[in-house]
Amino acid sequence: MYRVTTVYNQPTDPAAFDEYYATRHLPLVREIPNVKKFAVGRCEPLDGNPPAAYALAELCFESKDEAGQAFASPQGQSAAGDVANFATGGISLLFSNENTVLP
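Criteria and cut-off values
- Residues numbered from 1 in each chain as written.
- Predicted model: local features only at pLDDT ≥ 70, side-chain atom pairs only at ≥ 80, totals over all residues.
- Heavy atoms only, no water.
- 1 Å grid on protein atoms, 1.4 Å probe; cavity = no way out; pocket = protein on both sides within 12 Å on 5 of 7 lines; lining within 4 Å.
- Points joined across faces, edges and corners; volume = space filled by probe spheres on them.
- Nonpolar A, V, L, I, M, F, W, Y, C, P; charged D, E, K, R; others polar.
- Buried < 20%, exposed > 50% of the residue type's maximum accessible area, 1.4 Å probe, protein only.
- Helix = DSSP H or I, 4+ residues; strand = E, 2+ residues; numbered from the N terminus.
- Pairing = 2+ DSSP bridges.
- Axes fitted to C-alpha atoms, helices over the stretch in contact; angles between N-to-C directions.
- Parallel < 35°, antiparallel > 145°, perpendicular 65-115°, else oblique.
- Contact = heavy atoms within 4.5 Å.

S.K.: How should the layout of surface pockets be read in this particular structure?
M.R.: The rolling of a water-molecule-sized probe over the atoms marks out the regions of remaining empty space. Of the pockets and cavities examined, the largest pocket occupies roughly 220 Å³. Taken together, 17 residues line the largest pocket, and the ones lying closest to its centre are Thr6, Phe71, Ala80, Val83 and Leu93. Its residues assigned to classes, the lining of the largest pocket comprises 15 nonpolar, 2 polar and no charged.

So this is what it looks like as structure tokens:
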């Protein structure tokens, strides 16, 4: 598997981020071809300190080539272009292969 992780930094308006993500961005992400797994979640502190990031989204593909094709597609370009509309804190993108070690 090949994983594309989006790290969403703290937005200026968390409620607006959540609303936009759920109603406008998520439907675009669902249209990206060849996604084998999609997961998203808000970051939480373990020790009471604010988390460094607001949310993480992971899209998994069979291979790096499939990920590249998916994001080059019109649907992938639409989802990527939409990020500037709600991610006011900025993002980081991480690309990695996934090797299962446990169990």
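S.K.: So what exactly am I meant to see when it comes to the pairing of strand E3 (residues 55–61) here?
M.R.: Residues in a regular strand point their side chains to alternate faces of the sheet. In terms of burial, E3 is largely enclosed, as 5 of its 7 residues are buried. As paired strands, strand E1 (residues 2–8) and E3 are joined by 7 bridges and run antiparallel to one another. The residue of E3 that forms the bridge with Arg3 is Cys60. Pairing of strand E2 (residues 37–42) with E3 involves 6 bridges; the strand directions are antiparallel. Bridged to Ala39 within E3 is Glu58.

S.K.: Would you mind showing me how to read unusual backbone geometry here?
M.R.: Backbone geometry follows two general trends: most residues other than glycine have a negative phi, and most peptide bonds adopt the trans configuration. Located in the positive-phi region is Asn34, a residue other than glycine, with phi close to 70 degrees. The topology assignment puts Asn34 in the loop between helix H1 (14–30) and E2. Residue class for Asn34 comes out partly exposed when judged on its relative accessible area of 34%.

S.K.: How do you make sense of the packing of H1 against helix H3 (residues 74–82) when you look at a structure like this?
M.R.: A pair of packed helices is captured by two measures, namely the crossing angle of their axes and the spacing between those axes. Axis separation between H1 and H3 bottoms out at 8 Å; the angle between their running directions is 155 degrees. In terms of their interaxial angle, H1 and H3 are classed as roughly antiparallel. Across the interface between the two elements, Tyr20, Arg24, His25, Leu28 and Val29 of H1 pack against Gln75, Ser78, Ala79 and Asp82 of H3. A class-by-class count of the residues in the contact of H1 with H3 yields 4 nonpolar, 3 polar and 2 charged.

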